[in-house]
Amino acid sequence: MAMTITDGVSPTFSSASTRASNLHFCFWNSTQRLTSVAFDRLTSRKFGIDVKLKATVNPYSYTEEVRPEERKSLTDFLVEAGDFVRSDGGDSGPPRWFSPLECGARAPGSPLLLYLPGIDGTGLGLIRQHKRLGEIFDIWCLHFPVKDRTPARDLVKLIEKTVRSEHYHFPNRPIYIVGESIGASLALDVAASNPDIDLVLILANPVTRFNNFMLQPLLGLLEILPDEVPSLITENFRFNQEMFETMLNETDAVQMGRGLLGDFFATSSNLPTLIRIFPKDTLLWKLQLLKSASASANSQMDTVNAQTLILLSGRDQWLMNKEDIERLRGALPRCEVRELEHNGQFLFLEDGVDLVTIIKRAYYYRRGKSLDYISDYILPTPFEFKEYEESQRLLTAVTSPVFLSTLNNGAVVRSLAGIPSEGPVLYVGNHMLLGIELHAIAVHFLKERNILLRGLAHPLMFTKKFGSKLPDMQLYDLFRIIGAVPVSGMNFYKLLRSKAHVALYPGGVREALHRKGEEYKLFWPEHSEFVRIASKFGAKIIPYGAVGEDDLCEMVLDYDDQMKIPFLKNLIEEITQDSVNLSDENIWLGTMKKANWENKICMCLE
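An unreviewed UniProt entry annotates the chain as Diacylglycerol acyltransferase of Arabidopsis thaliana x Arabidopsis arenosa. Check the Sequence similarities (unreviewed entry) section of the UniProt entry for the chain; it says "Belongs to the diacylglycerol acyltransferase family."

Here's what the structure looks like:
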């Protein structure tokens, strides 16, 4: 990979960074349609296209063979890191920014993303994420030369200079900072010093308190080891993957090292590169840098006002513990924590970790001062849709949903053929128990008609107070990536204005959490404003009914029964108080019995 490096505030770019046509942009605009009969003329010089294209295939119809987008590998990381830290010792000079060339083409108005590296310092920690991130961000990566000894305070000043310059030129755009270990501490320090700048922090395994139990013995060991030890290992002992695996299998005490270091020893040829990245004096300096940076960030934690997303590895946590994270979550006013339980210390280099998908699921992507759930939404890729579909496979098998729609001539067909292609369209229906019918509707609309149905959902799926008993936000990831929007008059207005297909349930939570004897009962308000707003945009209103789900099971305890049990009553009242009440509704805990799997869900759209 070729890239241009500069010592200035911003990186310089090569003309080669302009990519040719990248048809992934079709997933960018939530109102863009790719149906079997649609034609579109693309005249964007930026993408080098001025031809008439005919989209003949629905990308969501056949997802069985869809695979994740091919990305660079760990070997690519080591090869490109070797280009930085050349064996002739040329990797010197001050820290500098660079922009990876594969991040050339991006959507209009994309915000800046600054990547602050972890203990390796190469700035290549996002190498497996560059391609997708480069479509929605302007990416600059910070590189620490191996011989650089810039103290933490001066590193913070360098980052602040870039942040303030970008904010001056684009005051209405957020600035994203992605940091790992050392980089995460530096990011918190920058945010603490610039509370008036709109920053979004994405911190992977942040270290805010030095783990003396693990690191102090390591520092002592490094200080007494001779400088020649690494080269002796590689040249005389022929250290390789087989020996490393044998070492790991001999004792449980080093089980931690399997995930943390095992991948880096995939071949013995990787070891010289690792030794050039981590010579003894550099590793000592990085650990001391981590100690000072984490101490500085910890002392200013109360002044951080940035929106923050913390990503935690489920294993190999040798630099931090969960108590530190809980303290961090409590100190940051706008913080969300997500745990990737099957991944190790180097999150962004591992298989199965897609930072763009994580950002989309968390609804952390925005291009302005506040999140716009309509214009900032990015359509799911075919692989993301496949993951959503697979997550609903058991539910689909159990309920066997059937869809009926009415054609213009009045004929009722067992398909969605009667649904108009162009919006705005408003679908008004009834909630069955827990509202699980919406999953089947979302899947079938995309698979059969390539129509994204934007469902208006309860706000509790999008916000949660610290310490609340409400479910974790990750539980609602699938709703968000498939296009769910917090119900509000403004969001409803914007959706219709953008000619979207919108699903509305006037009965709300009360209808989805109905009680015994209320099967298929509607709880619609007497006076609904949605008709007036829909008529303003000339939206087609399609009423539909869903039946079958309430026949699958019989309720054992409803809200009235649970409120008679003291500990359940207290829990329900606490959860209800934490949630955003849109009307006279209460959250309750449903329990069912007597499942009848022979019933189906049937949805009829008139």
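S.K.: How should the packing of aromatic side chains be read in this particular structure?
M.R.: Each aromatic ring pair is specified by the distance between its two centres and by the angle formed by the two planes. Following the criterion strictly, the structure yields 13 aromatic pairs and no others. With a centroid separation of 5.2 Å and an interplanar angle of 75°, the aromatic rings of Tyr363 and Tyr373 are classed as edge-to-face. Separated by 10 residues along the polypeptide, Tyr363 in the loop between α12 (355-361) and α13 (382-391) and Tyr373 in the loop between α12 and α13 bring together distant segments of the chain. With respect to class, Tyr363 is no different from Tyr373; both count as buried. With centroids separated by 6.5 Å and ring planes inclined at 80°, the aromatic side chains of Tyr363 and Tyr377 adopt a geometry described as edge-to-face.

S.K.: Please clarify how helix α3 (residues 152-169) should be interpreted in this entry.
M.R.: Helical geometry: 3.6 residues make up each α-helical turn, so side chains three or four residues apart lie on a common side. In this model α3 runs 26 Å from its N-terminal to its C-terminal C-alpha over 18 residues, within 8% of the 26 Å that 1.5 Å per residue would give. Among all positions in α3, only Ala152, Leu155, Val156, Leu158, Ile159, Glu160, Thr162, Val163 and Glu166 are buried.

S.K.: Teacher, can you tell me more about the pairing of strand β7 (residues 175-180) here?
M.R.: Regular strands place their side chains on alternate faces of the sheet. The element β7 is largely enclosed, with a buried count of 6 among its 6 residues. On β7, burial covers both faces: Ile175, Ile177 and Gly179 on one face and Tyr176, Val178 and Glu180 on the other are all buried. Sheet analysis places strand β5 (residues 112-116) next to β7, joined by 5 bridges and oriented parallel. Bridging from a neighbouring strand, Leu113 pairs with Tyr176 of β7.

S.K.: Hey, could you run me through the pattern of salt bridges in this one?
M.R.: Charged atoms that come close allow side chains of opposite charge to pair. Scanning the model with the defined rule gives 22 salt bridges in all. As a salt-bridge pair, Arg338 and Asp477 come within 2.5 Å of each other at their nearest N and O atoms. Pair noted here: Arg338 is in strand β10 (residues 335-340) and Asp477 is in helix α16 (residues 477-481), with a separation of 139 residues, a long-range link. For the pair Arg338 and Asp477, a shared accessibility class is recorded, and that class is buried. Here the residues in one salt-bridge network are Arg132, Asp354, Lys360 and Glu384, joined through shared partners.

Reading guide: rules and limits
- Residues numbered from 1 in each chain as written.
- Predicted model: local features only at pLDDT ≥ 70, side-chain atom pairs only at ≥ 80, totals over all residues.
- Heavy atoms only, no water.
- UniProt positions renumbered as here; feature names shortened; annotations may be inferred.
- Phe/Tyr/Trp six-rings, centres within 6.5 Å; stacked < 30°, edge-to-face > 60°.
- Helix = DSSP H or I, 4+ residues; strand = E, 2+ residues; numbered from the N terminus.
- Buried < 20%, exposed > 50% of the residue type's maximum accessible area, 1.4 Å probe, protein only.
- Expected span 1.5 Å × (residues − 1).
- Pairing = 2+ DSSP bridges.
- Salt bridge = Lys/Arg side-chain N within 4 Å of Asp/Glu carboxyl O.

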